[in-house]
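These are the residues of each chain, in order.
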Amino acid sequence: DQQVKQNSPSLSVQEGRISILNCDYTNSMFDYFLWYKKYPAEGPTFLISISSIKDKNEDGRFTVFLNKSAKHLSLHIVPSQPGDSAVYFCAASPVTGGGNKLTFGTGTQLKVEL
Amino acid sequence: DAGVTQSPTHLIKTRGQHVTLRCSPISGHKSVSWYQQVLGQGPQFIFQYYEKEERGRGNFPDRFSARQFPNYSSELNVNALLLGDSALYLCASSLRVTTNTEAFFGQGTRLTVV
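Anyway, here's the lowdown on the structure attached to this text. For clarity, every value in this text was computed on a predicted model and none was experimentally measured.

## A closer look at the state of the cysteines
Residue and element names in this part refer to chain A. According to the stated counting rule, one finds 2 disulfides over all chains in the structure shown. Two residues share a disulfide in this structure: Cys 23 and Cys 90, whose sulfurs sit 2.1 Å from each other. Handedness of the Cys 23-Cys 90 disulfide follows from its S-S torsion of about -70°: it is left-handed. Residue Cys 23 is located in strand E3 (residues 19-25), and its partner Cys 90 is located in strand E9 (residues 86-94); the two are separated by 67 residues in the primary sequence. Of the two residues, Cys 23 and Cys 90, both sit in the buried class.

Right, dumping it as structure tokens:
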């Protein structure tokens, strides 16, 4: 039972363009959502998060949008840079006992081409 | 400031053996969680500890156990290793266990069971 889904295993974008990574969830007890970036042989690096009381959070080139009614969130990276090439994981945290008890999606491999 | 540190970085064990993985959280972080990541999947939650008490357990067999020490470092133990236990084991620390909390990951321990 995959409670957090990333349906696109890979995405290829040209440098300078926008990258949009999508994530869907099924558990309505999730109320905090996070995006992590992972390079090979490294642990995931925290990128940005959003609480369910918001619909948008922005940090530099990264913006996360949350559509709670659709149980959908997306990460926008603009402009995309070659160093952004990595696997991106969407993660969700439950209402109770949430912090550091995350459910992850299967990841999307982003490739930013020159 | 030191991030989350894990040891060892790589480990090879034989089926049936026991393994202990170690984690030191970010200074000031009182919560540690463990995750297992197999190839092609997102990290899967194993355990959460806060102030030395177990606060959550994922869907893993009793062969998996963990503990947290007074200095907030943690150990993950796996008994009677199976080939399927081969994975990247990730430790994450966070300041608290409330829902709106970011978790920060170590680089992981790559366990290979032969």
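## Observations regarding the sheet that holds strand E3 (residues 19-24) of chain B
Residue and element names in this part refer to chain B. With antiparallel pairing, 4 strands are arranged side by side in an open sheet as E1-E3-E8-E7. Because the sheet does not close on itself, it has two edges, and the strands there are strand E1 (5-7) and strand E7 (64-68). When the angles between neighbouring strand axes are averaged without regard to direction, this sheet yields 15°. In this sheet, strand E8 (residues 74-78) lies alongside E7 in antiparallel orientation, the contact comprising 5 bridges. The partner of Ser 65 across the bridge, within E8, is Asn 77.

## Some details on the interface of chain A and chain B
Taken together, the contact pairs 24 residues of chain A with 29 residues of chain B. Summed over both partners, the interface of chain A with chain B buries about 1800 Å², with 53% contributed by carbon and sulfur atoms. The tally of links between chain A and chain B comes to 0 salt bridges. Counting every contact that joins chain A to chain B gives 4 residue pairs in polar contact (both at pLDDT 80 or more). Residue assignment for the side of chain A that touches chain B shows that the elements contributing at least two residues are strand E4 (30-38), strand E5 (45-51) and E9 of chain A. Sorting elements by how many residues they give to the side of chain A that touches chain B places E4 of chain A first, with 5 residues. Of the residues in the side of chain A that touches chain B, the class split is 11 nonpolar, 9 polar and 4 charged.

## A look at the sheet that holds strand E8 (residues 72-77) of chain A
All names here are of chain A. In spatial order, the strands read E1-E3-E8-E7-E6; together these 5 strands make up an open sheet with antiparallel pairing. Looking at strand neighbours, the two that pair on one side only are strand E1 (4-5) and strand E6 (56-59), the edges of this open sheet. Pairing between strand E7 (residues 62-67) and E8: 6 bridges, direction antiparallel. Bridging across to E8, Phe 62 finds its partner in Ile 77.

Each value, and the rule that gives it
Residues numbered from 1 in each chain as written. Chains lettered and ligands numbered in written order. Predicted model: local features only at pLDDT ≥ 70, side-chain atom pairs only at ≥ 80, totals over all residues. Heavy atoms only, no water. Disulfide = S-S within 2.5 Å. Helix = DSSP H or I, 4+ residues; strand = E, 2+ residues; numbered from the N terminus. Buried < 20%, exposed > 50% of the residue type's maximum accessible area, 1.4 Å probe, protein only. Pairing = 2+ DSSP bridges. Axes fitted to C-alpha atoms, helices over the stretch in contact; angles between N-to-C directions. Contact = heavy atoms within 4.5 Å. Buried area = accessible area lost by both parts, 1.4 Å probe. Salt bridge = Lys/Arg side-chain N within 4 Å of Asp/Glu carboxyl O. Polar contact = N/O pair within 3.5 Å; in protein donor to acceptor, adjacent residues only side chain to side chain. Nonpolar A, V, L, I, M, F, W, Y, C, P; charged D, E, K, R; others polar.

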